[in-house]
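Observations on the model geometry
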Amino acid sequence: MITKGTNLIIVGILFSTLFLGCASEREKIFPQRTSLTESVYSSVTIQPDSLYQAHAIVAGILDENLVEEGAVVQKGDPILQVINSAPKLNTENARLTFLLAKENYSGESGVLKGVQDQIDAALLKLKNDSINYYRQKRLWEQNIGSKIEFDNRQLAFELSQNSLGLLENQYELTKKDLFTKVQQASNGYKSAQISTTDFTVSSKINGKVYALYKKVGELITTMEPLAAIGSSDVFIIELLVDEVDIVKVQLQQKVLLTLDAYTDKVFDARVSKIYPRKDERSQTFKVEAVFDSPPKVLYPGLSGEGNIIIAQLEEAVVIPKSYLIDGNKVRTAKGLVEVKIGLQNLDKIEVLEGVDENMEILKPEE
């Protein structure tokens, strides 16, 4: 006869058997000791070193592209020519103003010559008034002549002295003023000449012309780029790193990258520059790297993927990330065990404390 107590025992045995059966069916692993590399993933774009966009500093119409795309240029080589008639007219007006200022300063019909003529006349009058004054003075000392006549000669002499002094001061002031105007006109003429030469856009570096953005006859403004110029043989790797990972990146860290154009190759590089400003749109930071040994053929804009090596361990106890529960626990036959984690990559994580290579770990239920 089966009693109620017997029923409970049978149910308990069946439940235990069922649980153990389910546990035995779940995936199990043992932690493994192996090498582990932690890296930061990034998208990759190849760009020439010193790449910049050339602009005209004056507006006009594109008269001629002086080079073709792909041309190798030297620093100072003309790239394109812009035309505009207004600066040429301004240059001519500035030249005429400069010539007029020079003529007024030192020419035969200059303003200074007119003042000098007045000085020469004032000197003659002073000389004459001086003779009359001292003659009248000697006569007056001999009680010859009238006091009024002596005073008139003295007044004329003093007025001539003052007049000469004023003219000499006027001459010096006029000379300084005319010299200043000559210098200003000269500077204006030089500036106008520079403005005329600014219509030729030249290369700022030794490199290659990668793009020409305008066609002959199109309107040119100072805001629009006209050409893209960069190094012809030195390329840099641009990596966009998520803000969560940027604090792990340091200069000279190794970078492993693949390019879509070279699908069967992995290239080595080193971090050379970290830009401190975050791109608010993409929430990423730009990092630059340089090839240890670049491929022979590279083009601007080649894309790919990269991994910046943050740390490497030759001997690490690791488990798959999928076996981790709540970020710091694993399930064993004895239940949940808290662990301390270390390095990690996309699918594996290092376990520092809590389990070892001899402890079986169960995969969490999905």
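Residues numbered from 1 in each chain as written. Predicted model: local features only at pLDDT ≥ 70, side-chain atom pairs only at ≥ 80, totals over all residues. Heavy atoms only, no water.

**What to know about the pattern of salt bridges**
Counted under the stated rule, the structure contains ten salt bridges. When the shortest N-O distance is used, the salt bridge between Lys125 and Asp129 registers 2.9 Å. Here Lys125 and its partner Asp129 are both found in helix α3 (residues 111-141), four residues apart, which amounts to about one turn of the helix. According to the relative accessible area criterion, Lys125 is partly exposed, its value standing at 48%. What you see here is one network of salt bridges that share partners, running through Glu38, Asp245 and Lys248. (Salt bridge = Lys/Arg side-chain N within 4 Å of Asp/Glu carboxyl O. Helix = DSSP H or I, 4+ residues; strand = E, 2+ residues; numbered from the N terminus. Buried < 20%, exposed > 50% of the residue type's maximum accessible area, 1.4 Å probe, protein only.)

**Notes on the nonpolar core**
Judged by nonpolar contacts, the single largest core of 23 residues is most densely connected at Ile46, Ile237, Leu239, Val255, Leu257, Leu259 and Ile308. Counting residues per element, the ones that place at least two in this core are β2 (32-48), β11 (235-242), β12 (254-259), β13 (262-279) and β14 (284-291). Core analysis: the next-biggest nonpolar cluster, separate from the first, contains 17 residues, Val58, Val67, Ile79 and Val201 among them. (Core = buried A, V, L, I, M, F, W, Y, C linked by side-chain atoms within 4.5 Å.)

**Quick word on the packing of aromatic side chains**
Enumeration over the complete set of coordinates arrives at six aromatic pairs. Taken together, a centroid distance of 5.2 Å and an interplanar angle of 0° make the contact between Tyr133 and Phe157 stacked. Taken together, the positions of Tyr133 in helix α3 and Phe157 in helix α4 (residues 147-197) put the pair 24 residues apart, joining distant regions of the chain. Of the two residues examined, Tyr133 and Phe157, each falls in the buried class. (Phe/Tyr/Trp six-rings, centres within 6.5 Å; stacked < 30°, edge-to-face > 60°.)

**A closer look at the confidence of the model for the protein chain**
Scored by pLDDT, the protein chain has a mean of 83; 88% of the residues are at 70 or more. This stretch, residues 1-24, has a pLDDT under 50; its non-local contacts, to residues over four places away or in other chains, come to two contacts. (pLDDT = per-residue confidence, 0-100. Contact = heavy atoms within 4.5 Å.)

**Notes on the pairing of strand β17 (residues 335-338)**
Across four bridges, strand β16 (residues 329-332) lies against β17 in antiparallel orientation. Across the sheet, the residue bridging to Thr332 is Gly335, located in β17. In sequence, β16 turns back onto β17 through a hairpin of two residues. (Pairing = 2+ DSSP bridges.)

**Things to note about the side chain of Glu38**
The topology assignment puts Glu38 in strand β2. Exposure remark for Glu38: the relative accessible area of 11% places this residue in the buried category.

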